[in-house]
Amino acid sequence: MKRNIVLYAVILIMVLSGCKGCSFSKGFSKDLNTKLSVTYNGFTAERFALVDANMQPLKDNRVQGNSSFSLVAYNIANYTLADNKAYPACEMTLNDDAGKTLLHAPDIFAEKAPDGVSAENGKYVTVTATYTIPAALKGKTLHAIVRVTDRKNPGNVILMKDDVIVQ
């Protein structure tokens, strides 16, 4: 079944002008409609969302088999800079109801940006973690987990979790 599940992360580096820095943040949020829960510490982010394959926000946590869904953290800021670079990390996991790991990627950024990103480009990072679900999982509840960290400051973390129901 692992071969039928496609996982990828699209790393969009977005630089926004006019921002002179970010303040420390710590907290928790939960979308009662989509069940997306987010815990964050040290980072700031514009917003979080559960979206469909067309990047449209979902109204609940039901996804179709043979389609994709994504957990998105928009404009993550407050990375620790080293050598004038930011060093993001992104771990992605998908488990079934029994706790079996269907898919695990320890750090998508290690492959995409092993030497970090420039300080200018690292000011604001949007992480889109996309899971493609085969129809064979219809009727199952899957547990998607995305953990975004700062390789230079492990205390900076965003943890996004959602339980999606495959239709």
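To keep things clear, this report deals only with the structure shown in the data block. Predicted model, so just to flag it, every value in this text is computed and none were measured.

For the rest of this paragraph, the subject is the packing of aromatic side chains. The final tally for this structure, using the stated rule, is 3 aromatic pairs. Considering the side-chain rings of tyrosine 40 and phenylalanine 48, the 6.2 Å spacing of their centres and the 25° angle between planes classify their relative orientation as stacked. When the ring centre of tyrosine 74 is taken as origin, the NZ or CZ atom of arginine 47, which lies over that ring, is 4.0 Å away. The cationic tip of lysine 152 hangs over the ring face of tyrosine 87; the distance from NZ or CZ to the ring centre is 4.7 Å.

Another aspect to go through is the nonpolar core. Generally speaking, soluble globular proteins have nonpolar side chains that are buried together. Grouped together as the largest cluster of nonpolar side chains are 35 residues, with contacts concentrated most on Phe69, Leu71, Tyr131, Val146 and Val148. Looking at this core, the elements with two or more residues in it are β6 (67-76), β9 (88-95), β10 (101-105), α1 (108-112), β12 (125-133), β13 (141-150) and β14 (153-166). For this core, the leading source of residues is β12, giving 5 residues. The contact partners of phenylalanine 69, leaving out residues within four places of it in the chain, are Leu50, Val51, Val63, Ala129, Thr130, Tyr131, Ile133, Ala144 and Val164.

Topologically, asparagine 156 is positioned in strand β14. Polar contacts involving the side chain of asparagine 156 include one to the side chain of aspartate 150, which spans 3.3 Å. If sequence neighbours within four positions are ignored, asparagine 156 has contacts with Asn41, Gly42, Phe43, Asn78, Tyr79, Thr80, Val148, Thr149 and Asp150.

What follows is about the pattern of salt bridges. If you walk through the whole model with that rule in mind, you get 2 salt bridges. Here glutamate 46 and arginine 47 are joined by a salt bridge, their closest N and O atoms 4.0 Å apart. For glutamate 46, a relative accessible area of 52% corresponds to the exposed category. Relative accessible area serves as the criterion here: at 41%, arginine 47 is assigned to the partly exposed category. Lysine 123 is the salt-bridge partner of glutamate 120, the closest N and O atoms lying 3.3 Å from each other.

Structurally, the position occupied by serine 68 is in strand β6. Judged by relative accessible area, which is 16%, serine 68 ranks as buried. At a separation of 2.8 Å, a polar atom in the side chain of serine 68 contacts the side chain of threonine 132. Each residue touching serine 68, except ones within four places of it in the same chain, is listed here: Asp52, Ala53, Thr130, Tyr131 and Thr132.

Our focus in this paragraph is unusual backbone geometry. Positive phi is not limited to glycine here, since methionine 55 has a value of about 65°. Relative to the elements of secondary structure, methionine 55 occurs in the loop between β4 (47-52) and β5 (62-63). By relative accessible area, which is 34% here, methionine 55 ends up partly exposed. Despite not being glycine, asparagine 75 shows a phi value in the positive range, around 55°.

This brings us to the environment of methionine 55. In the structure, methionine 55 is positioned 15 residues away from serine 70 in sequence and 7.7 Å away in space, judged by C-alpha atoms. Excluding anything up to four places from it in sequence, methionine 55 contacts Val72, Tyr74 and Thr128.

Before going further, it helps to examine the environment of isoleucine 158. Residue position: isoleucine 158 is located in strand β14. It is 9.0 Å that separates the C-alpha atoms of isoleucine 158 and isoleucine 76, two residues lying 82 residues apart in sequence. With residues near it in sequence (within four places) discarded, isoleucine 158 still touches Val38, Thr39, Tyr40, Phe43, Ala45, Phe48, Ile76, Val146, Arg147 and Val148.

Conventions used here
Residues numbered from 1 in each chain as written. Predicted model: local features only at pLDDT ≥ 70, side-chain atom pairs only at ≥ 80, totals over all residues. Heavy atoms only, no water. Phe/Tyr/Trp six-rings, centres within 6.5 Å; stacked < 30°, edge-to-face > 60°. Lys NZ or Arg CZ within 6 Å of the ring centre and 35° of its normal. Core = buried A, V, L, I, M, F, W, Y, C linked by side-chain atoms within 4.5 Å. Buried < 20%, exposed > 50% of the residue type's maximum accessible area, 1.4 Å probe, protein only. Helix = DSSP H or I, 4+ residues; strand = E, 2+ residues; numbered from the N terminus. Contact = heavy atoms within 4.5 Å. Polar contact = N/O pair within 3.5 Å; in protein donor to acceptor, adjacent residues only side chain to side chain. Salt bridge = Lys/Arg side-chain N within 4 Å of Asp/Glu carboxyl O.

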